[in-house]
Amino acid sequence: MAHTTESRAPGFWPLAAVFALFVLFMYGPMFVIFVLSFQGPEGGLTFPLRGVSLHWFRQLAEGLGTVDIGSAFLRSLMLGGVVMLLTVLLSVLAGLAFRKKLSGGNALFYVTVASLIMPSIIVSLGIGLQFRLLDGGLKWLLETVGATSTLEGYGTSLGLFTSALGAHLTWTLPFGLLIMFAVFNRFNPAYEEAARDLGATPWQTFRHVVLPLIGPSVVGVGMFGFTLSWDEIARTSQAIGDVNTLPLELQGLTSTVTTPAIYALGTVTTVVSLLVMGAAVGLALWLGRRHTPGASA
C-alpha cells in the first residue's frame with residue numbers, strides 16, 4: 001500500500017515561523033534568566049557563563065543587603081492565598097446569582113469588569129488616596145471622641161490585607177467572573193432538576209451536582225487569582241503602605257543589585273508560579289476524570 005503524505009498549505013511555513021518567533025520572544029527572556037542564575041561565583045549579568053553553581057541561590061537565602069527577601073516572599077504567598085480564596089468564593093457566588101435575571105445586573109457587571117480597562121497605576125493611586133482619606137477621617141473621629149491613646153497608636157489603614165487586598169481583587173475578580181459566567185452559560189440545569197426530583201435540598205444539589213461539574217473551572221479561577229496576585233506590581237505600588245511584596249522588592253533590587261542574585265530571585269518566583277499552575281492543571285484534570293461517566297468503572 002503506497003504511503004501518501006498530505007502536503008502543507010502554502011501559508012503553513014510562514015505562519016509556523018511567526019509562531020516560533022513569538023514563542024521565542026515570550027519565553028526566551030525567561031530561559032536566559034534561568035540559565036544566568038546558575039552562574040559561578042565570578043559570574044556576571046551577561047554571557048558567557050563563568051562556571052555553574054548554586055552560589056547566587058545561597059546568597060539569595062542569606063539576604064541581599066538590607067532587603068528581607070524571606071519576609072517579602074511570605075507576604076506575597078499569604079496575600080496570593082487570600083486573593084485566591086476570595087476570588088474563587090466571590091466568582092462562584094456571582095456566577096450563581098447571575099443565572100437569574102437581576103435588577104441592575106448589567107450595570108453591576110460592567111462596573112465590575114471596568115477595572116480591566118483602567119490603567120493599573122491609576123487604580124492603585126485611587127485606592128491609596130481612598131485609604132488615606134479614611135485615615136484622616138478615623139483620626140478626626142478618634143480626636144473628637146477623645147480617644148487619645150488609640151490615636152497615638154494608630155498608624156494607617158493601608159496594609160497587606162486591606163488596601164493591597166482590595167487592589168488585587170480589582171484585578172483578579174473580573175477574570176474570575178468572566179470564567180464563571182462562561183461556565184454557567186453552558187451549564188445544563190437538567191442535572192439540578194433531576195437532583196431536586198430525587199429530593200435533594202438546594203445545598204445538596206450544589207454540593208453533589210453543581211460543584212463537581214464546575215470543579216475544574218473553579219480550580220482555574222483559583223490559579224488565575226493566585227498567579228495574577230503573585231506577580232502584580234502596579235496595583236500594589238501605591239496601595240500597600242509601609243511593607244512590600246516580593247515583586248516590589250524585586251523591582252527595587254533591579255536598580256541596586258548588580259549580581260546574578262537578582263536572576264536567582266527571578267528564577268525562584270517563576271518556579272513558584274509554574275508549580276501553582278502545574279498543581280492547578282493536575283487538579284483540574286483529576287476532577288474532570290473523576291466526574292466523567294465511566295471513569296471509575
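Residues numbered from 1 in each chain as written. Predicted model: local features only at pLDDT ≥ 70, side-chain atom pairs only at ≥ 80, totals over all residues. Heavy atoms only, no water.

**Points about the overall build of the chain**
Here's step 1: Along the backbone of the chain there are 12 helices and 0 strands.
Here's step 2: Along the chain direction, N to C, the helices and strands of the chain fall in the order α-α-α-α-α-α-α-α-α-α-α-α.
Here's step 3: For a compact globule of 297 residues, the expected C-alpha radius of gyration is about 19 Å, and the chain comes in at 25 Å, more than 25% above that figure.
Here's step 4: Overall, the C-alpha framework of the chain stretches about 75 × 65 × 40 Å when taken along its three principal axes.
Here's step 5: Scored against the burial criterion, the 297 residues of the chain give a buried share of 35%.
Here's step 6: By sequence separation, contacts in the chain at least 24 residues apart represent 73% of the contacts at least 6 residues apart.
Here's step 7: When the accessible surface of the chain is totalled, it reaches about 18100 Å², and 68% of it is carbon and sulfur.
Here's step 8: Here the chain carries 15 positive and 14 negative side-chain charges, and the mean point of each set is 11 Å from the other. (Helix = DSSP H or I, 4+ residues; strand = E, 2+ residues; numbered from the N terminus. Rg over C-alpha atoms; globule rule 2.2 N^0.38 Å. Buried < 20%, exposed > 50% of the residue type's maximum accessible area, 1.4 Å probe, protein only. Contact = heavy atoms within 4.5 Å. Areas by Shrake-Rupley, 256 points an atom, 1.4 Å probe, with all protein chains shown as cover. Lys, Arg positive; Asp, Glu negative; His and termini not counted. Charge placed at Lys NZ, Arg CZ, Asp CG, Glu CD.)

**Side note on the packing of helix H3 (residues 69-97) against helix H11 (residues 246-253)**
Here's step 1: Two elements in contact, H3 and H11, have axes separated by 8 Å at closest approach and are oriented at 140°. Overall, the two elements H3 and H11 adopt an arrangement that is oblique. The residues of H11 that touch H3, namely those facing Ile69, Ala72, Phe73, Arg75 and Ser76, are Leu246, Pro247, Glu249 and Leu253.
Here's step 2: Partitioning the contact of H3 with H11 into residue classes produces 6 nonpolar, 1 polar and 2 charged. (Axes fitted to C-alpha atoms, helices over the stretch in contact; angles between N-to-C directions. Parallel < 35°, antiparallel > 145°, perpendicular 65-115°, else oblique. Nonpolar A, V, L, I, M, F, W, Y, C, P; charged D, E, K, R; others polar.)

**A short note on the side chain of Ser91**
Here's step 1: Along the polypeptide, Ser91 turns up in helix H3.
Here's step 2: A polar side-chain atom of Ser91 sits 2.6 Å from the main-chain carbonyl oxygen of Thr87.
Here's step 3: Apart from the residues within four sequence positions on either side, Ser91 is in contact with Leu86, Leu173, Gly176, Leu177, Met180 and Val221. (Polar contact = N/O pair within 3.5 Å; in protein donor to acceptor, adjacent residues only side chain to side chain.)

**Quick look at the packing of H3 against helix H9 (residues 202-230)**
Here's step 1: It is at 8 Å that the axes of H3 and H9 come closest, and there the two elements cross at 140°. Taken as axis vectors, H3 and H9 run oblique relative to one another. Both H3 and H9 take part in a crossing whose hand is right-handed.
Here's step 2: Here the contact of H3 with H9 is built from residues that sort into 13 nonpolar, 8 polar and no charged. (Left-handed = near helix turned anticlockwise from the far one by under 90°.)

**Details of the environment of Gln251**
Here's step 1: Its location among the elements puts Gln251 in helix H11.
Here's step 2: For Gln251, a relative accessible area of 45% translates into the label partly exposed.

**Things to note about the confidence of the model for the chain**
Parts of the model with low pLDDT should not have their predicted coordinates read in detail.
Here's step 1: In this model, the chain carries a mean pLDDT of 86, and residues with pLDDT of at least 70 account for 95%.
Here's step 2: Low confidence marks residues 293-297, where pLDDT is under 50. Its contacts with residues over four positions away, or in another chain, come to 1 contact. (pLDDT = per-residue confidence, 0-100.)

**Quick look at the nonpolar core**
Here's step 1: Of all hydrophobic cores here, the largest spans 19 residues; its most connected members are Leu60, Leu64, Ile69, Leu246, Leu253 and Leu265.
Here's step 2: For this core, the secondary-structure elements that each account for two or more residues are helix H2 (55-62), H3, H9, H11 and helix H12 (261-290).
Here's step 3: Broken down by element, the residue count for this core peaks at 6 residues, all from H12.
Here's step 4: Among residues more than four places away in sequence, those in contact with Leu265 are Leu60, Ile69, Leu246, Leu250 and Leu253.
Here's step 5: Listed in part, the 11 residues of the second largest apolar core include Val88, Val92, Ile214 and Val221. (Core = buried A, V, L, I, M, F, W, Y, C linked by side-chain atoms within 4.5 Å.)

**Some remarks on the packing of aromatic side chains**
Here's step 1: Here the structure, examined in full by the defined rule, presents 13 aromatic pairs.
Here's step 2: Their ring planes at 80° and their centres at 4.8 Å tell us that Phe12 and Trp13 sit as a pair that is edge-to-face.
Here's step 3: A residue is classified by how much of its surface remains accessible, and Trp13, at 59% relative accessible area, is exposed.
Here's step 4: Ring geometry for Phe175 against Phe224: centres 6.1 Å apart, planes inclined by 5°, an arrangement best described as stacked. Separated by 49 residues along the polypeptide, Phe175 in helix H7 (residues 163-185) and Phe224 in helix H9 bring together distant segments of the chain.
Here's step 5: By relative accessible area, Phe224 is classed as partly exposed at 34%. (Phe/Tyr/Trp six-rings, centres within 6.5 Å; stacked < 30°, edge-to-face > 60°.)

**As for a nonpolar patch on the surface**
Here's step 1: A surface patch of nonpolar side chains, about 770 Å² in accessible area, is lined by Phe19, Phe22, Val23, Phe25, Met26, Tyr27 and Met30.
Here's step 2: Note that Met30 resides in helix H1 (residues 12-36).
Here's step 3: On the basis of relative accessibility, which here comes to 36%, the residue Met30 falls in the partly exposed class. (Patch = residues over 30% accessible without salt bridge, like charges linked within 9 Å, V, L, I, M, F, W, Y side chains within 5 Å. Salt bridge = Lys/Arg side-chain N within 4 Å of Asp/Glu carboxyl O.)

**Brief notes about the pattern of salt bridges**
Think of it this way: side chains of opposite charge can pair up when their charged atoms draw near.
Here's step 1: Counted under the stated rule, the structure contains 1 salt bridge.
Here's step 2: Among the salt bridges present, the one from Glu192 reaches Arg99, with a minimum N-O distance of 2.7 Å. Of this pair, Glu192 sits in helix H8 (residues 190-197) while Arg99 sits in the loop between H3 and helix H4 (105-113), placing them 93 residues apart in sequence.
Here's step 3: A relative accessible area of 33% means that Arg99 is categorised as partly exposed.

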